[in-house]
Amino acid sequence: MEEALNFLQWAADLGISDTPLTSTPQSDSCLGHSLFVSTFPDAGGRGLATARDIRKGELILKVPNGALMTSQNLMINDEVLSISVKKHPYLSSTQILVVALLNEVNKGKSSPWWPYLKQFPRSYDTLADFDKFEIQALQIDDAIWAAQKASLKAEAEWKEASVLMHDLKLKPQLLTLKAWLWASGSISSRTMHIPWDEAGCLCPVGDFFNYAAPGDETSNSEDQVAGKAFYLQEDSMLKSATELATDHRLIDAGYEEDVSSYCFYARRNYRKGEQVLVSYGTYTNLELLQHYGFLLTDNPNDKAFIPLESDMYSLCSWENELLYVQPDGKPSFALLSTVRFWAVPQNKRRSFIHLVYSGNRLSAHNEVAAMRWLAKKCRTTLYILPTTAEEDGKLLVILDKFQDIHQFVEIKEMPPPLASELCAFMESKDMLSEGIYVPSSVARRSIERWKLAIQWRLHYKKILCNCIAHCTEIINYINSSKDSEYQEIFVKKNKKNYTEGESSTYYYLKPTSSANAT
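No experiment lies behind these values; they were computed from the predicted model shown.

Reading the values: the criteria
- Within each chain, residue numbers correspond to sequence positions counted from 1 in written order.
- Two thresholds apply to this predicted model, a pLDDT of at least 70 for residue-level local features and 80 or more for giving and counting side-chain atom pairs, whereas whole-chain, interface and lining totals are computed over all residues.
- To get the side-chain values, all heavy atoms of the structure are used, and hydrogens and water are removed first.
- Under the DSSP-based scheme used, a helix requires at least four consecutive residues in state H or I and a strand at least two consecutive residues in state E, with every element numbered from the N terminus.
- The buried label applies to any residue whose accessible area, calculated with a 1.4 Å probe on protein chains only, is under 20% of its type's maximum; exposed applies above 50%, and partly exposed to all values in between.
- Contacts are assigned to residue pairs that have any heavy atoms within 4.5 Å of one another.
- Residue-level accessible areas treat just the shown protein chains as cover; the underlying method is Shrake-Rupley with a 1.4 Å probe.
- Here is the rule: rings of Phe, Tyr and Trp (six-membered ring for Trp) pair when centre to centre is within 6.5 Å. Planes less than 30 degrees apart are stacked, more than 60 are edge-to-face, and the remainder are tilted.
- Two thresholds decide whether a charge sits over a ring: the Lys NZ or Arg CZ must be within 6 Å of the ring centre and within 35 degrees of the ring normal.
- One bridge is not enough; two strands pair if DSSP finds at least two bridges between them.
- The span expected for a helix works out to 1.5 Å for each residue beyond the first.
- Axes are fitted to the seven residues ending at a residue and to the seven starting at it; the angle between these axes is taken as the bend at that residue.
- Joining through side-chain atoms within 4.5 Å is the link that ties buried Ala, Val, Leu, Ile, Met, Phe, Trp, Tyr and Cys residues into a set, and such a set is a nonpolar core.
- Reported domain spans reflect what an automatic or database domain assignment gives.

A.B. asks: For this particular structure, what's the right way to read the overall build of the protein chain?
C.D. replies: For the protein chain, the count of helices and strands is 20 helices and 11 strands. Here the protein chain holds 518 residues, and the buried ones make up 49% of them. Put simply, 67% of the contacts in the protein chain that link residues at least 6 apart link residues at least 24 apart. If you sum the accessible surface of the protein chain, you get close to 26,700 Å²; carbon and sulfur atoms cover 52% of it.

A.B. asks: Looking at this structure, how should I read the environment of Asp-311?
C.D. replies: Note on placement: Asp-311 falls in the loop between α12 (285-291) and α13 (333-342). Taking the C-alpha atoms as reference, Asp-311 lies 8.4 Å from Trp-342; in sequence the two are 31 residues apart.

A.B. asks: I'm lost on the environment of Gln-136 in this one. Help?
C.D. replies: Within the secondary structure layout, Gln-136 lies in helix α6 (residues 132-136). In this structure Gln-136 comes out as partly exposed when scored by relative accessible area, which is 47%. C-alpha separation for the pair Gln-136 and Ala-453, spaced 317 residues apart in sequence, amounts to 8.7 Å. Excluding anything up to four places from it in sequence, Gln-136 contacts Ile-144 and Gln-148.

A.B. asks: Any chance you could explain the packing of aromatic side chains here in plain terms?
C.D. replies: Note on aromatic pairs: each is described by the distance of the centres and the angle between the planes. In this structure the tally under the stated criterion is 21 aromatic pairs. Considering the side-chain rings of Tyr-116 and Phe-120, the 4.9 Å spacing of their centres and the 85 degrees angle between planes classify their relative orientation as edge-to-face. Given a relative accessible area of 0%, Tyr-116 falls into the buried group. Ring geometry for Phe-133 versus Phe-425: centroids 5.5 Å apart, planes at 55 degrees, classification tilted. Within this pair, whereas Phe-133 is found in helix α6, its partner Phe-425 is found in helix α17 (residues 416-428), the two being separated by 292 residues in sequence. Through a chain of ring-to-ring contacts, three or more aromatic side chains come together here, namely Phe-7, Trp-10, Trp-113, Tyr-116, Phe-120, Trp-182 and Phe-208. Across from the ring centre of Phe-208, 4.0 Å away, lies the NZ or CZ of Arg-46, which sits over that ring.

A.B. asks: Looking at this model, I keep getting lost on the pairing of strand β5 (residues 197-202). Mind explaining?
C.D. replies: A regular strand carries its side chains on alternate faces of the sheet. Taken across its 6 residues, β5 has 5 buried, putting it largely inside the fold. The pairing of strand β4 (residues 191-194) with β5 spans 3 bridges and is classified as antiparallel. Along β5, the bridge assignment pairs Ile-194 with Asp-197. Where β4 folds back onto β5 in an antiparallel hairpin, the turn is made up of 2 residues.

A.B. asks: Is there a simple way to explain the environment of Pro-307 in this structure?
C.D. replies: One can find Pro-307 in the loop between α12 and α13. Look at Pro-307 and you get partly exposed, because its relative accessible area is 42%. Placed 17 residues apart in sequence, Pro-307 and Tyr-324 show a C-alpha to C-alpha distance of 9.8 Å.

A.B. asks: Could you clarify how one ought to interpret helix α7 (residues 141-167) in this entry?
C.D. replies: Structurally, the α-helix is built with 3.6 residues per turn, so residues lying three or four positions apart point the same way. Relative to the 39 Å expected for 27 residues at 1.5 Å per residue, α7 spans 40 Å between its end C-alpha atoms, a close match to the ideal helical length. The sharpest bend along α7 reaches about 45 degrees and sits at Ala-161. Buried within α7 are the following residues: Ala-143, Ile-144, Ala-146, Ala-147, Ala-150, Ala-154, Glu-157, Trp-158, Ala-161, Leu-164 and Met-165. Contacts made by the buried residues of α7 are with α3 (79-86), α4 (93-107), α6, α8 (177-190), α12 and α18 (441-480).

A.B. asks: Help me understand the nonpolar core in this model?
C.D. replies: For soluble globular proteins, the rule of thumb is that nonpolar side chains tend to be buried together. If you look at the biggest cluster of nonpolar residues, it comprises 76 residues, and the most contacted ones within it are Leu-127, Leu-138, Trp-450 and Trp-456. Sorting elements by how many residues they give to this core places α18 first, with 16 residues. Residues lining this core come from more than one domain, with at least three contributed by each of domain 1 (71-202) and domain 2 (303-483). Those residues in contact with Leu-138 that sit more than four places away from it in its chain are Leu-127, Ala-143, Ile-144, Ala-147, Leu-289, Ala-453, Trp-456 and Arg-457. Listed in part, the 62 residues of the second largest apolar core include Ile-96, Ala-161, Met-192 and Leu-202.

Have a look at this one:
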């Protein structure tokens with residue numbers, strides 16, 4: 001408690017305040033008027049709660065430039081760091097900030113940032129921190145590749161910066177890859193955007209805010225853009241750049257040049273005692289895991305990517321990142337359009353390309369074929385994975401129980417896939433499988449990352465199950481519908497190229513009101 005109070009006093013001395021400009025700030029703490037530090041066990045842990053009722057758009061925290069931990073601010077106050085950095089122009093801005101952070105830790109209590117540094121976690125759970133077992137526990141190739149890439153990137157950046165760290169004469173423990181992972185995890189998960197440095201800034205007190213995913217109005221934004229690829233958006237044209245920037249500012253946070261401060265605004269109305277959240281941006285669960293070390297149980301921006309046929313990628317102009325399944329199981333606009341187009345016979349595709357981009361169904365036959373392919377691909381993907389969604393749920397319960405009582409369920413009582421995975425974990429951590437075991441701190445951290453991997457793959461499998469259900473519903477509806485429920489419109493761009501028999505199969509369907517209701 002005393003440490004937290006000292007930190008808040010330190011922050012107040014730097015001018016950090018939750019008090020509106022019209023009020024007199026408190027001298028002993030930077031918080032208390034609008035916010036206070038609280039704990040939310042089921043919603044991010046430590047966070048900031050409201051000390052009073054707050055209205056949407058209200059300024060709730062202001063952190064002046066001088067209180068931001070940036071490479072620039074750190075080098076201004078450390079000539080040795082500044083001179084040393086100039087000798088290594090090949091380092092990225094992020095690498096420089098990581099080294100600068102380790103340099104402050106190296107100073108210990110003599111660092112002016114010491115009260116702030118003591119608030120940092122001792123470890124992180126970003127993908128770069130995952131070991132080989134934890135990476136394989138993700139199960140899905142795309143996720144495994146992302147974790148391996150993050151790990152290799154972190155190691156390569158550490159090796160590149162090692163000369164600079166030696167120049168600064170950092171303590172031996174701060175020269176290790178473990179220390180680098182901690183510092184780079186701090187930068188990845190805690191920095192905020194500033195316009196003059198790609199590495200961003202560390203923002204005392206401001207980094208206490210926990211994450212809120214953008215709502216439905218901003219989710220799947222790429223999908224919305226794809227569906228309007230050939231249309232101008234009048235709303236954006238009618239608003240000036242300043243108005244758009246203001247609209248964004250009023251619901252989150254950003255650096256404001258006119259007051260030389262990072263300003264945080266309420267993104268909605270809050271009642272006293274509620275946790276205040278900010279949005280870091282639109283992220284999938286894998287991206288949240290990669291950059292921040294957590295994921296959301298209900299993430300409207302999550303995506304599941306499934307393997308496509310090799311020739312599908314070249315059929316349309318969509319980028320691969322747009323070919324995904326949404327959390328509710330519906331394929332994205334780009335994925336659905338691609339599969340619909342792929343289901344058209346090759347010699348007839350030219351005449352249907354414009355219909356594909358319009359988003360309309362091409363025909364009942366085509367829609368059923370597309371839905372069947374999607375459902376089959378999801379089933380095949382789920383079938384080849386080592387565990388089912390149900391088994392993943394059971395494994396999470398087993399790990400929760402183990403963390404409570406330090407005792408695993410008898411392996412012989414587990415389904416074979418779970419027993420195999422548990423044995424692999426225990427082997428990777430040199431643990432005995434004799435019942436009761438008090439795990440080391442390393443093993444406890446590993447279990448937390450293992451659980452994150454299981455949670456991620458479980459969400460992925462649920463999305464694919466939702467997709468199967470969605471496709472099945474569409475197929476059943478079309479098969480049970482009478483022809484009179486649709487208006488059949490056959491667009492003959494080159495009528496002479498089709499015989500009467502051919503034209504009877506390929507048309508797109510515009511649902512009537514009854515079909516739209518489904």
